[in-house]
Amino acid sequence: MSNDKLINESFHTLPAFRNCPSLKQVVITGDSFRTVSDSIYAEYNFDDLISKKGGPKPNIPIILDVILSNLIATHRKNPDFYLRVSLDERNPIYIRKSRYNAHGITNKIMPILDHMVKVGLITMHKGYYDRLNDTSSQTRIKANAELTAYFERVSGYSIDHGKRESIILKSADGKLLDYSDNEAVVLMRANLRLYNELLASTHFTIAGKEVYAEDYSNRPEHALAGMVIEHDLNEDKFVRRVFNRGNWFHGGRFYGGAWQQLPSKTRKKLEINGKRTVEIDYSGLHIRIIAARCGVDLGKKDPYKVGVLDTSINSEQQRKILKLIILIAINAKSVLEACRSFTNKHANLIAHVEGSKHDYIKKYINRFVEIHPWAKSYICADAGIKLMNEDAQIAESVIMHFVKKGIPVLCVHDSFIVDADYADELETVMREVTVIKYGVEFQTDYDKEPVAPKTPKTETIFDLFANSKRVKKCDVVAGRGEFMTLLVPALKDIANTNSILNNQVLLEDTTVKVIRLHNKMLKKEKLGRYGMKKPNDFVLPENFDDAQKVFDLLQDAMTNYLNQKAG
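Just so we're clear, the structure is a prediction, and the values are computed from it rather than from any experiment.

## Observations regarding the overall build of the protein chain
Then, in step 1: Within the protein chain, the regular secondary structure consists of 20 helices and 18 strands.
Then, in step 2: Burial status across the protein chain gives 48% buried among its 567 residues.
Then, in step 3: When contacts within the protein chain are restricted to residue pairs at least 6 apart in sequence, those whose partners lie at least 24 apart make up 67%.
Then, in step 4: Looking at the protein chain as shown, the accessible area adds up to about 29,500 Å², and 50% of this sits on carbon and sulfur atoms.

Structural data, given as structure tokens:
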């Protein structure tokens, strides 16, 4: 066993190593990145790698750009993350004329990585394949402190996808496959181009912030347990479709975008172009597709209500277990595979079961098939991969309806996220698409929120800022971020002109109370950290995050006041 293998195996239990991102065919653009990449190339003598014997020369600057771009993005997600790199020279991403080689890089990446290790820029754990035990590990790299110091100089950048392929075809073992275009592929790629162009001009935030930190510290069951991952919602919005097993009727779902990596609870806070969003999903989509294929209309019926199977748990717990078992069974090739998969993934749900866990799972499968005999040929028959293709077709129809209107809608397989103003239209379209495709209207999970009384537009904090004299002098007033730098002078202008509900006292009192609450919340220093001497004499905090919280609290305080006034 090699030393590299021993080192790799010692890291296998670390989420930052085991579940790290893989190298993508992307390059960062922007003057600061260009300066940093050129500096690294010159200072660490990458020219020495060019052969003096003649022949074709690898495009080392481009390869270095791709490596650095991926390392920067990975480091910013979490400094502990490694980056997976394929060193297989047959990998299409290294074949110059391959559709997957967006930037025309060569397979000479290994000498460049070796050089980066040699000069102290990265740490590398080489991959291995153990034929005897049938275990393997792909090569991982990580930026050292000397390189991350350069990363701090990169700002204001965007991602260049070049001619990155958006239609991906993979083999049964997950390797990229080249292919010839047909009419269907050309159409799918054209639709994705329009979709990606729309997403590129769309701005995403969570509670007004572009970067959202997801804390997995208290989630021991998660693959990233113990880590905090920063999601830059606007860094990479490129969406692609991935087909599997070398078959255009297997898979084909939409992948890409930070929103797919966010937990469902976090997605509820997502904002599109500063607007609140709503997420609507299909209710039991795969079961409804199967039923429709078999000529059965489930209507509003809950397919997971099958009578009592376990008297030791309540009906809600039983339904959850049954739903997970059936979803796994649809994707499994055999009953045994379904039992093993459920036991491995959801052992906590059946920890109370005495005796054979597999027999317990089989009881659920048998009862479901007994109640729904039409589903039998789809259970434990490897049907999931084909059903994914059908739900991807549904997703494409929903997405393109809105793309043609210039309205961004985000896909998370069987659910969709849209500006709340278009929620009703989204639900209607989701139902109409299934009627066209299956002749049956599929149910959705959409709880309409009660309509709150509208607040007069001229009385919101945001609009009052827009109407202030100081803000109007600013060339760019399109978003909340630009207002933050003018928050205090704008407040003073509004107070001086009595334009905030004709009540200067209210403005000053609210501001003081909010900033005091803000300081208390953050457990920071006393009120003086803002330079406040009297209610209308204070300066904006330098930290943008702090300022954002002040703004949000001001907005909440004003909303509460207006609600009380309306009541």
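## What to know about the packing of helix 7 (residues 183–200) against helix 13 (residues 384–403)
Then, in step 1: Relative to each other, helix 7 and helix 13 sit at 50°, their axes nearing to 10 Å. What the angle tells us is that helix 7 and helix 13 run oblique. As helix 7 packs across helix 13, the resulting crossing turns out to be left-handed. Contacts between helix 7 and helix 13 pair Met 188, Asn 191, Leu 194, Tyr 195 and Leu 198 from the former with Glu 396, Ile 399, Met 400 and Val 403 from the latter.
Then, in step 2: Of the residues assigned to the contact of helix 7 with helix 13, the class counts are seven nonpolar, one polar and one charged.

## Here we look at the pairing of strand 15 (residues 275–282)
Every regular strand shows the same layout, with side chains that alternate between the two sheet faces.
Then, in step 1: Judged from the two bridges that link them, strand 14 (residues 270–272) and strand 15 form a sheet pairing that is antiparallel. The residue of strand 15 that forms the bridge with Ile 272 is Lys 275.
Then, in step 2: In this antiparallel pair of consecutive strands, strand 14 and strand 15, the connection spans two residues, and Asn 273 shows a positive phi of 50°.
Then, in step 3: Relative to strand 17 (residues 415–419), strand 15 runs antiparallel, the two being bridged by five bridges. Bridging from a neighbouring strand, Val 278 pairs with Val 418 of strand 17.

## Examining helix 14 (residues 423–438)
Then, in step 1: Taking 1.5 Å of rise per residue, 16 residues should cover 22 Å, and helix 14 covers 23 Å from first to last C-alpha, within 8% of that figure.
Then, in step 2: Taken residue by residue, helix 14 has Ala 423, Leu 426, Glu 427, Val 429, Met 430, Arg 431, Val 433, Thr 434 and Tyr 438 as its buried positions.
Then, in step 3: Of the surrounding secondary structure, the elements contacted by the buried residues of helix 14 are strand 15, helix 9 (285–293), helix 13, strand 16 (409–411), strand 17 and strand 18 (444–445).
Then, in step 4: Where helix 14 terminates, the next one or two residues include Gly 439, which has phi positive at roughly 75°.

## A look at the sheet that holds strand 3 (residues 122–125)
Then, in step 1: If you walk across this open sheet you meet the three strands as 2-6-3, and the pairing is antiparallel. Each edge of the open sheet is held by one strand with a lone partner, namely strand 2 (83–85) and strand 3. The sheet shows a mean angle of 30° between the axes of neighbouring strands, taken without regard to direction.
Then, in step 2: Of the pairings in the sheet, the one linking strand 3 to strand 6 (residues 139–143) comprises four bridges and is antiparallel in character. Residue pairing in the sheet places His 125 in a bridge with Arg 140 of strand 6.
Then, in step 3: On the sheet, helix 4 (residues 60–77) packs against strand 2, strand 3 and strand 6 and is oriented at approximately 75° with respect to strand 6.
Then, in step 4: Its contacts with the sheet put helix 5 (residues 109–118) on strand 2, strand 3 and strand 6, and the angle it makes with strand 3 is roughly 125°.

## A short note on helix 3 (residues 31–43)
Then, in step 1: End to end, helix 3 covers 18 Å across 13 residues, agreeing with the expected 18 Å (1.5 Å per residue, within 8%).
Then, in step 2: Of all the residues in helix 3, the buried ones are Ser 32, Phe 33, Val 36, Ser 37, Ser 39, Ile 40 and Tyr 41.
Then, in step 3: On the buried face of helix 3, the contacting elements are strand 1 (27–29), helix 4 and helix 6 (145–151).
Then, in step 4: One or two positions beyond helix 3, positive phi appears at Asn 45, with a value near 55°.

## Quick notes on the environment of Glu 337
Then, in step 1: In this fold, Glu 337 is placed in helix 11 (residues 335–345).
Then, in step 2: C-alpha separation for the pair Glu 337 and Cys 380, spaced 43 residues apart in sequence, amounts to 8.1 Å.
Then, in step 3: If we ignore the near neighbours within four places in the chain, the residues touching Glu 337 are Asn 331 and Ala 332.

## Considering the pattern of salt bridges
Then, in step 1: Applying the stated criterion across every chain yields a total of 20 salt bridges.
Then, in step 2: Between Asp 181 and Arg 99 there is a salt bridge, and its shortest N-O distance comes to 3.4 Å. With a gap of 82 residues between them, Asp 181 in the loop between strand 8 (167–169) and helix 7 and Arg 99 in the loop between strand 2 and helix 5 connect regions that are remote in the sequence.
Then, in step 3: Between Arg 189 and Asp 181 there is a salt bridge, with its nearest N and O atoms 3.0 Å apart.
Then, in step 4: Judged by relative accessible area, which is 38%, Asp 181 ranks as partly exposed.

## Focus on the packing of aromatic side chains
Then, in step 1: On inspection of all chains with the given rule, the structure shows ten aromatic pairs.
Then, in step 2: Ring centres of Tyr 44 and Tyr 150 lie 6.3 Å apart, and the angle between their planes is 70°; on these two criteria the pair is classed as edge-to-face. Of this pair, Tyr 44 sits in the loop between helix 3 and helix 4 while Tyr 150 sits in helix 6, and the two are 106 residues apart along the sequence.
Then, in step 3: Ring geometry for Tyr 360 against Tyr 364: centres 4.9 Å apart, planes inclined by 50°, an arrangement best described as tilted. Of this pair, Tyr 360 and Tyr 364 both sit in helix 12 (residues 357–371), four residues apart, roughly one helical turn.

## Some thoughts on the side chain of Ser 137
Then, in step 1: Along the chain, the position of Ser 137 falls in strand 5 (residues 135–137).
Then, in step 2: Polar side-chain contacts of Ser 137 include one of 3.5 Å to the side chain of Arg 140.

## Remarks on unusual backbone geometry
Then, in step 1: The phi dihedral of Asn 273 is positive, around 50°, even though this residue is not glycine.
Then, in step 2: By secondary structure assignment, the location of Asn 273 is in the loop between strand 14 and strand 15.
Then, in step 3: Even without being a glycine, His 413 presents a positive backbone phi close to 65°.
Then, in step 4: Along the chain, His 413 falls in the loop between strand 16 and strand 17.
Then, in step 5: With relative accessibility at 21%, the residue His 413 sits in the partly exposed group.

## Focus: the sheet that holds strand 8
Then, in step 1: The strand order across the open sheet built from three strands is 8-12-13, with neighbouring strands paired in mixed fashion. Edge strands, defined here as strands with exactly one partner in the open sheet, are strand 8 and strand 13 (251–255). Here the average twist between neighbouring strands, direction ignored, is 25°.
Then, in step 2: The sheet contact formed by strand 12 (residues 240–243) and strand 13 spans four bridges and is antiparallel. When the sheet's bridge partners are listed, Arg 241 is paired in strand 13 with Phe 254.
Then, in step 3: Together, strand 12 and strand 13 form the strand contacts of helix 13, whose direction differs from that of strand 13 by roughly 45°.

Scoring rules and cut-offs
Starting afresh in each chain, residues are numbered from 1 along the sequence in its written order. With the structure being a predicted model, the display of local features is reserved for residues of pLDDT at least 70 and the display and counting of side-chain atom pairs for 80 or more, all residues being used for whole-chain, interface and lining totals. Only heavy atoms go into the side-chain values, all of them from the structure, while hydrogens and water stay out. Helix and strand labels come from DSSP, where a helix needs a run of H or I of at least four residues and a strand needs a run of E of at least two; each type is numbered from the N terminus. Note on classification: 1.4 Å probe, protein chains only; a residue is buried when its accessible area is under 20% of the maximum for its type, exposed when over 50%, partly exposed between these limits. Working rule for contacts: check all heavy atoms of both residues, and any pair within 4.5 Å makes them a contact. Here the Shrake-Rupley method, with its probe set to 1.4 Å, supplies the accessible areas, and only the displayed protein chains count as covering residues. All axes here are fitted lines through C-alpha atoms, helices being fitted over the stretch that makes contact, and every angle between N-to-C directions spans 0 to 180 degrees. When describing relative orientation, an angle under 35 degrees is termed roughly parallel and one over 145 degrees roughly antiparallel, while 65 to 115 degrees is termed roughly perpendicular and anything else oblique. The handedness criterion is simple: a crossing whose near helix is rotated anticlockwise from the far helix by less than a right angle is left-handed, and one whose near helix is rotated clockwise is right-handed. For this classification, Asp, Glu, Lys and Arg are treated as charged, while Ala, Val, Leu, Ile, Met, Phe, Trp, Tyr, Cys and Pro are nonpolar and the rest, including Gly, are polar. Only strands joined by at least two bridges in the DSSP assignment are considered to pair. Any helix carries an expected span of 1.5 Å times its number of residues minus one. What counts as a salt bridge is simple: a side-chain nitrogen of Lys or Arg found within 4 Å of a carboxyl oxygen of Asp or Glu. Note on aromatic contacts: the rings of Phe and Tyr and the six-membered ring of Trp form a pair at centre separations within 6.5 Å, being stacked when their planes are under 30 degrees apart, edge-to-face when over 60 apart, and tilted otherwise. Any N or O atom pair separated by 3.5 Å or less is treated as a polar contact, with the protein-specific requirement of one donor-capable and one acceptor-capable atom, and with residues adjacent in sequence counted only for side-chain atom pairs.

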